[in-house]
Every structure is written in C-alpha cells, then in structure tokens.
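# Topology and contacts: notes
What follows is the residue order along each chain.
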Amino acid sequence: MKGARLFTAVSALLAASVAAASDVLDLTKDTFHSAVTPEDLMLVEFFARKALAPNYETAATELKEQNIKLAKVDCTVETELCSAYGVSGYPTLKVFRKGEPSDYSGSRKSDGIISYMKKQALPAVSEVNADNHVQFQGADKIALIAYLDESDATNKDIFNSFAESYRDDYMFGITTDPTAISQAGVVPPAVVLYKTFDEGRNDFSGSFTPQGLVEFVHEHSVPLLDEISPENFALYAEAGIPLAYIFVPSDDPERPALVKSIEPIARDYKGKINFVWIDTNKFSDHAKSLNLPEPKWPSFAIQQIQESTKFPMPQSQEVNPKNVGDFVAKFSRGEISPSIKSQPVPKSQDEAVYNVVADTFEDVVLNENKKDVFIELYASWCSHCKRLAPIWEELGEKFAGSKDILIAKMDANENDIPPAAGFRVQGFPTLKFKPAGSSQFIDYEGDRSLESFLEYIETNSVNKAKPNGPKSSSPVAAGDRHDELCLCQADDQPDNFQKKTSLYRPRSIKRLFWANRKILAPQTNFVTVI
C-alpha cells in the first residue's frame, strides 16, 4: 500500500515536472483572453484528442528566444471557446496579433512553424545594410533582397507590394546601402534570391513588375530535384508548371544514385517542368491516382495539376536517365496523350440509372445533345454517396425509358473525368446537370431528396421532361442538406497522399487555382494537392 502511494506521488511529481518543462501555454476560457490579447504575436493550437507535439513543443522552445509564444486549447473541454473562433477541424492553428486571429498557413513541422512565425514577427520587408547583409541572406531557406537607388520609389513600391502578398512564404529585404550593393555585385535596380539549396543564388533579370517577380520566384524557389511531401506540395502546385515524379521507396539503397542520375534532365527542363521523388512507402496510392496501377518501383509519371491530366511512363520501361529523358522530351513536344483511367465498359445497362465510365463519358454525356443529362459523380467509399444511392435510383426509375432526360452515375474514384468535360470533382457526391443542346454543366446545389430533384428537373429541363407516374416525396437523407455542406472530400479516402497534406492551406487557397478547401484532385484522388 505504501509502495502504491509512493508510486502515485512520484508519478504526480514527474507529471508536474513535465508540465512545468513545457514551453507551450495551456489555455482555458478563463485564461485565454488575458494571455492572448496583450501579445503582439502568438500562435494558438486548437486541438481535440491529439495535439501537434512534439513538433509544437520544439517550436515553442525555439521561438521562446524570439519572445514569440505558442499556446494550445483542448477543444474537447473548451467547446464554447473553440466554437467562438470558428474551429471545425483539428488541429487548427491560428495566429493572434493583440487578440485578433488570422489563419495559420504554414507547415506543421517544427522547422516550418519556426520559420513561419519568425516571418510573422518581421515587417513584410526588412531594412538591410552592410552590417546585416550577409546574415539576412541565410536567415531562412529563401530570402529575397531588392537592391535599389535611394530615389527609386517606383520599384520600391512594386517590391513592397509583392513582399506583402508573399510574406507568409519568403523573407524579404531591401537596401539602398552602396556597400551592401557592392557586396552583392549588382547594379540597381536588382533583386537576388538567396537560398540554402542548389546553386545558392539567383539574380532577377526580368521586367521589374509584379508578374515578373512572381514568375522569377516560382521558377527559382523550387529545388532542382527534392522529395515531395505534404509539407511542400503547395510550393510545387503553385509553380504552375508540370510536375514529374520518381516513385521510389525511401529505403531503397539505389534511390540516391537514381535521383542523382535524373538531375541533369531536371536541370535541362528547369522552369518548364519540376522534378521530385516521392516515397512509395508512404504514398503508393498517389501512384495509382496517376494511373500507375502496379506496385512496381521505381516508376515515373508527369502530372499537369491545373489541367488534371496525367502522363505515366509505361511500367514495363526501366526508370533510368535514357528512358526518362526520352519520355520527358516526347511529353514536352506534345507527343504523349493524357492517360484516362476507366473501368470496363458495362456489357449491359440493367439499372434505372445509366452507368457511365470514363471511356463512355464523352459519347454518353458530353456528346448527348438531344437529352438533358443529370449525373451523379460518386465514390464507393463515400458515406454520403451511400445514403444518396437509393434516392438516385428512385429518380432513375421516375425517368426510365425517357427520351427527354438521362439519369446517370459514374464512380469518379475509379474513372477520370475527361479534360473535355471542363470541370474537376472536388467532393462526393458531385451532381451535375447538362441541359439538352448545351456543352455546359450546371452544379446542382439543392437538397438531396427526390422531391427536390424532381422540382429541379421541372425547372431546368430544356425538354420539359416528365416523370413516370405521380410525384412522390422522399425525405432528405439525414445530415445531407446542401446548406450543411455534407460532402466527402476528394482527399478523404484513406491512405491518400492528398489527404495527409496541408496542400489546401490558406496560402494555397488565396493563390492561383484553389478557391476552397474542397478542391484539388488530379481527378479526385490526389486531388490534384497530393
């Protein structure tokens, strides 16, 4: 008994010691505002069940020296506090400035958190002079310095505006110091991108415009041939050029030599195609999403993210510099057609709902001009799709044999949407309506009930399609009202590379082609951001 009490006491002391050793503040509804509001800058993690430790703890200790505090809130306990800040997923990170929150859009590894918060603590553009010139060049993985004449207000404004837009991603400095300019060996106006990889430095030689700076940074901020992961996928996606993958296990003893042998090809196509290698021990499903069906490594494929097209090199070919070089050359000349994954064409159509596959999509859906087409794009693993299935089948029965409308479905997890369709699947189920005689698809955004579907067709059908028999009422599938945004995300499939990424982080969303967190999918799987 005595021993048990002693053990309990020792355990309590150890627990208290561990808690005291943490540099992460543990906040509650009673301490939150008093702790957060006075701080110029603080990062708060809202978590449930599982926090980001040890990455978060490591970052907190490192940033403590910069007087940047990190805190956490347990949302299983502080439900009202988390709800007040709109927290709906876990863990959620928010940056607070004097109590005012903004979304955190950086990496969730310790070095990424440290780098991001250091940038947040700085002005968008730091003043650089001869004294801190060399130090600033290596202050982060990428640092850009503008070298300008004192009187050059125009280019200073352009650079400052550019820096403000990308402050979350890079460090920016500006100098008019003649000594610093001499040290850099440039003639103003000039911009130099300093980096801790590849050649270490790139000099800007384009037109001093916002677009020119964007193109310059996108080209040179990406390593020549690096490993891709959820932490850096957005960087490649935002580059706006094709992405070439070497699929190989990280523990393959031949991997370093293979990657090194492909580097000359990557260098030849720098600025036109980005090259990466990806660990198939973790992300083998991404190979399948790029239509590499066999678990045969190494393998090679090219992806055009914006167009959602994929170009796998036949797995019968060995991945070596010659074969990869020939394949990339043909791709760059437009001699390789995109690969479209398709299930076998059904031998018969026995169901009320027409079963479409990728190989029949153009003929049955795109080229159908006489009938209205109402199609469901689903995934077999999607719970919302399963609840919708009987209702969609009943809708098909209502228009069975109709000459005016076709009710159809396609497993968009097993079939690619042809590029000619002009859209990508962002979540499941996706419902699209194509009026007769039109090539444009309309998103269905109503309730998922038979009654709502019938009313929609009555309103939107060009052919004024009429159902068989009287209208009947079917309740909305539980939890499936559109206004509740019940969608299985394209990246929700288990063991999906895209799912594990923070590819859809705010920084990506505010740029280029991602309008919301439901996007990305080279056709739903790798949702196009791994």
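Each chain carries its own residue numbering, running from 1 in the direction its sequence is written. With pLDDT at 70 or above as the cut-off, local features in this predicted model cover only qualifying residues; side-chain atom pairs require 80 or more to be listed or tallied, and sums for whole chains, interfaces and linings still use all residues. Hydrogen atoms and water are omitted, and side-chain values are computed over all heavy atoms in the structure.

This next bit is on the pattern of salt bridges. The term salt bridge refers to a pairing of a side-chain nitrogen on Lys or Arg with a carboxyl oxygen on Asp or Glu at a separation within 4 Å. Across all of its chains, the model carries 15 salt bridges by this definition. A salt bridge links Asp326 to Lys322, with the shortest nitrogen-to-oxygen separation between them at 3.0 Å. Taken together, the residues Asp326 and Lys322, both in helix α13 (residues 321-332) and 4 residues apart, mark about one turn of the helix. For Asp326, a relative accessible area of 35% corresponds to the partly exposed category. The exposure class of Lys322 is exposed, given its relative accessible area of 59%. For Asp443, the salt bridge identified is with Lys432, shortest N-O distance 2.5 Å. Taken together, the residues span a long stretch of sequence, with Asp443 in strand β21 (residues 442-443) and Lys432 in strand β20 (residues 430-434) at a distance of 11 residues. Relative accessibility decides the category of a residue: with a 1.4 Å probe and only protein chains considered, values under 20% of the type maximum give buried, values over 50% give exposed, and everything between is partly exposed. With relative accessibility at 42%, the residue Asp443 sits in the partly exposed group. Secondary structure counts use DSSP, requiring at least four H or I residues in a row for a helix and at least two E residues in a row for a strand, with both numbered from the N terminus.

So, on to the state of the cysteines. One covalent bond between the sulfur atoms of two cysteine residues makes up a disulfide. Note on terminology: disulfide denotes any pair of cysteine sulfur atoms within 2.5 Å. Enumeration over the complete set of coordinates arrives at 1 disulfide. The residue that forms a disulfide with Cys75 is Cys82, at a sulfur-sulfur distance of 2.0 Å. Here Cys75 and Cys82 share a disulfide; its torsion about the S-S bond, -90°, makes the bridge left-handed. We classify Cys75 as buried; its relative accessible area is 5%.

What follows covers the sheet that holds strand β7 (residues 142-147). Any two strands with at least two DSSP-identified bridges between them are counted as paired. An order of β6-β8-β7-β9-β10 is seen for the 5 strands of this open sheet, with the pairing classed as mixed. With partners counted over all chains shown, the strands left at the sheet margins are β6 (126-127) and β10 (201-203), one partner each. Sheet analysis places β7 next to strand β8 (residues 171-175), joined by 5 bridges and oriented parallel. When the sheet's bridge partners are listed, Ala143 is paired in β8 with Met171. By definition in these notes, contact holds between two residues if any of their heavy atoms fall within 4.5 Å. In this description, a line fitted to the C-alpha atoms serves as the axis of each element, helices being fitted only across the stretch in contact, and the angle between N-to-C directions of two axes falls anywhere from 0 to 180 degrees. Its contacts with the sheet place helix α9 (residues 210-220) against β7, β9 (190-195) and β10, and it is angled at close to 20° to β9.

The way it works is a 1 Å grid over only the protein atoms, where trapped points that fit a 1.4 Å probe form a cavity and open points with protein on both sides within 12 Å along at least five of seven lines form a pocket, and then any residue with an atom within 4 Å of a point lines it. Grid points are joined across faces, edges and corners, and a volume is the space filled by probe spheres set on the points. In this structure, the second largest pocket spans a volume of roughly 660 Å³. Every residue lining the second largest pocket is counted, 26 residues in all, and those nearest its centre are Ser107, Gly112, Lys141, Glu231 and Asn232. Looking at the lining of the second largest pocket, the elements with two or more residues in it are α5 (110-121) and α10 (233-239). Per-element accounting of the lining of the second largest pocket gives the leading share, 5 residues, to α5. Three classes are used: nonpolar for Ala, Val, Leu, Ile, Met, Phe, Trp, Tyr, Cys and Pro, charged for Asp, Glu, Lys and Arg, and polar for all others, with Gly counted as polar. When grouped by side-chain class, the residues that make up the lining of the second largest pocket number 7 nonpolar, 8 polar and 11 charged.

A few words now on the nonpolar core. In this description, a nonpolar core means a group of buried Ala, Val, Leu, Ile, Met, Phe, Trp, Tyr and Cys residues linked to one another through side-chain atoms lying within 4.5 Å. Of all hydrophobic cores here, the largest spans 40 residues; its most connected members are Leu144, Phe159, Phe172, Val191 and Tyr245. Aside from chain neighbours lying at most four places away, what touches Val191 is Leu144, Ile145, Ala146, Phe159, Asn202, Asp203, Phe204, Phe208, Leu213 and Phe216. Grouped together as the second largest cluster of nonpolar side chains are 24 residues, Leu225, Ile246, Leu258 and Met313 included.

In this section: helix α12 (residues 280-289). For α12, the complete set of buried residues consists of Thr280, Phe283, Asp285, His286, Ala287 and Ser289. The inward-facing, buried residues of α12 contact β12 (243-248), β13 (274-279), β14 (299-304) and β15 (309-312). Taken from the residues just after α12, Asn291 is the one with a positive phi, measuring 65°.

Bringing the environment of Asp198 into the picture now. Structurally, Asp198 can be placed in the loop between β9 and β10. C-alpha separation for the pair Asp198 and Ser221, spaced 23 residues apart in sequence, amounts to 10.0 Å. Not counting residues up to four positions away in its chain, the partners in contact with Asp198 are Val222, Pro223 and Leu224.

Further remarks concern the sheet that holds strand β11 (residues 225-227). In space, the 5 strands of this open sheet follow the order β11-β13-β12-β14-β15, with mixed pairing throughout. What marks the edges here is a single partner per strand, and that holds for β11 and β15. Strand-to-strand twist of the sheet, defined as the mean angle between neighbouring strand axes without regard to direction, takes the value 25°. Sheet topology note: the β11/β13 ladder contains 3 bridges and is parallel. Following the sheet pairing, Glu227 is matched in β13 by Trp277. Strand contacts of helix α11 (residues 255-268): β11, β12 and β13, with the helix running at about 165° to β13, the strand carrying the most contacts. Its contacts with the sheet place α13 against β13, β14 and β15, and it is angled at close to 20° to β14.

Scope: geometric values only; no functional claims are made or implied.
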